[in-house]
Protein chains: 2
Amino acid sequence: MRQKIAIDMDEVMADALGKLIRLYEKEFGKSVKQEVLQGHFLEEVIDPDHKHVIREYLFEKDFFQDLEVMPDSQAVIFELSQHYDVYIVTAAMEFPDSLSHKYQWLREHFSFLSWKNFVFCGDKSIIRADYLIDDHPKNLSVFSGEPIIFTSPHNVHETRFRRVNNWQEVAAMFL
Amino acid sequence: MRQKIAIDMDEVMADALGKLIRLYEKEFGKSVKQEVLQGHFLEEVIDPDHKHVIREYLFEKDFFQDLEVMPDSQAVIFELSQHYDVYIVTAAMEFPDSLSHKYQWLREHFSFLSWKNFVFCGDKSIIRADYLIDDHPKNLSVFSGEPIIFTSPHNVHETRFRRVNNWQEVAAMFL
């Protein structure tokens, strides 16, 4: 039986942070430097008066529709899908308006994956797989298989999990 | 740690078959008897020329929006949620237009459940729970915990799984 790899969407396959930064910089005419983001979420490094807009951006109906694909994710996930059962597992329920957009985004950019392998959930403790590649310690810490942290600015100081910095490192680990 | 019970939606919490029969009877002026349905899916007992309409009904954007709630499911699932971690696990990905309607239906009729406990997936082999209550043998047979079949006309001849005929029997089993 093939091993199962569960893969998170935002910050792992889809560049949600990149879009948030662009929207914020455009609205407030400020620039967010990569250095100040290290170890922090975007909400933590911007003017506290503007903090609420980040969640507003996320809750906009079309936010997830046109996210950029993370570098090399398509090619590497395609290769993984030849050797493993790959499931895309995203905590989409927090943003119910995003459900169909996330589905369409996956169909558009990862058309080689079946919809049978998409999982939209809230809490990832319900997932049974051998590996979970995710940027969020809160998801990785409740996962029953082997957790693998995918580097994102907010998680750079996290030391509890095996780490991959990009999709080339995922390829090196699994292929 | 509390045990996890995964519960399927259609035919277990939501009366999808009842709506399909009503739509079919209305469109074709025919009556579908409960006796002929025993051991069969609706598509198998109607005029083969009309078979395609069943999937058309299911793919209509609002099909899942106004399904009736299965008798006693609200009260029993509420009680279950006091003693177990209850997850609603539906193979919604086959009907991507249904995703937001299924979410809204759950929020409306099972408002005591958190969205964190909703799972919309394709293949239920990805689910890690202690129990799965489902009407479909294909879901139960790939589940890693204890499968429990919820009686629906199509599954009455299935003998591989522990069976519950209604929500009162679920209550008797778990509470």
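Residues numbered from 1 in each chain as written. Chains lettered and ligands numbered in written order. Predicted model: local features only at pLDDT ≥ 70, side-chain atom pairs only at ≥ 80, totals over all residues.

Q: What am I meant to see in the interface of chain A and chain B here?
A: You'll often see interface size given as the accessible area lost when the parts meet. Taken residue by residue, the interface counts 24 residues in chain A and 24 residues in chain B. Contributions of two or more residues to the side of chain A that touches chain B are made by α6 (99-109) and β3 (118-120) of chain A. Its residues placed into classes, the side of chain A that touches chain B shows 13 nonpolar, five polar and six charged. (Contact = placed C-beta atoms within 7 Å. Helix = DSSP H or I, 4+ residues; strand = E, 2+ residues; numbered from the N terminus. Nonpolar A, V, L, I, M, F, W, Y, C, P; charged D, E, K, R; others polar.)

Q: Explain the relation of the copies chain A and chain B to me, please; I cannot follow it from the model alone.
A: Each copy of the chain is related to the other by a rotation around an axis and a translation along that axis. Each copy of the sequence occupies a distinct position, and chain A is placed on chain B by a rotation of 180° and an axial shift of 0.0 Å, giving an RMSD of 0.0 Å. One copy is carried onto the other by what is essentially a two-fold rotation axis. Taken as a fraction of all interface residues of chain A, those also at the interface in chain B reach 100%, which identifies the copy contact as same-surface. (Least-squares fit on C-alpha atoms with pLDDT ≥ 70 in both.)

Q: What am I meant to see in the domain arrangement of chain A here?
A: Residues and elements named next belong to chain A. Along its sequence, chain A is organised into domain 1 (4-15 + 68-174) and domain 2 (16-59). Taking only C-alpha atoms into account, the centre of domain 1 sits 23 Å from that of domain 2. With 11 residues of domain 1 at the contact, the number on the domain 2 side is 12 residues. By residue class, the composition of the side of domain 1 that touches domain 2 is four nonpolar, three polar and four charged. (Domains from an automatic or database assignment.)

Q: Teacher, can you tell me more about unusual backbone geometry here?
A: Trans is the common state for peptide bonds, and a negative phi is the common state for residues other than glycine. All names here are of chain A. At Glu11, a residue that is not glycine, the phi angle is positive and equals roughly 75°. Inspection of the secondary structure puts Glu11 in the loop between β1 (4-7) and α1 (16-28). Since 21 C-beta atoms lie within 10 Å of it, Glu11 is described here as buried. (Buried ≥ 20, exposed ≤ 12 C-beta atoms within 10 Å, placed from the backbone.)

Q: Explanation requested: the environment of Val119 of chain B in the structure shown.
A: One can find Val119 of chain B in strand β3 (residues 118-120). Sequence spacing of Val119 of chain B and Ile7 of chain B is 112 residues, and the spatial spacing of their C-alpha atoms is 9.8 Å. Other than its neighbours up to four places away in sequence, Val119 of chain B contacts Val119, Cys121 and Ile126 of chain A together with Tyr87, Ile88, Val89 and Ile127 of chain B.

Q: Looking at this structure, how should I read the packing of α1 of chain A against helix α4 (residues 51-59) of chain A?
A: The description of two helices packed together rests on the angle between their axes and the distance between the axes. All names here are of chain A. The interhelical angle for the contact between α1 and α4, taken along N-to-C directions, is 125°, at an axis separation of 10 Å. It follows that α1 is oblique to α4 by the angle criterion. Judged by the sense of rotation from one axis to the other, the crossing of α1 with α4 is right-handed. Between α1 and α4, the contacting residues are Leu20, Leu23, Tyr24 and Glu27 on the first element and Val53, Ile54 and Tyr57 on the second. Its residues assigned to classes, the contact of α1 with α4 comprises six nonpolar, no polar and one charged. (Axes fitted to C-alpha atoms, helices over the stretch in contact; angles between N-to-C directions. Parallel < 35°, antiparallel > 145°, perpendicular 65-115°, else oblique. Left-handed = near helix turned anticlockwise from the far one by under 90°.)

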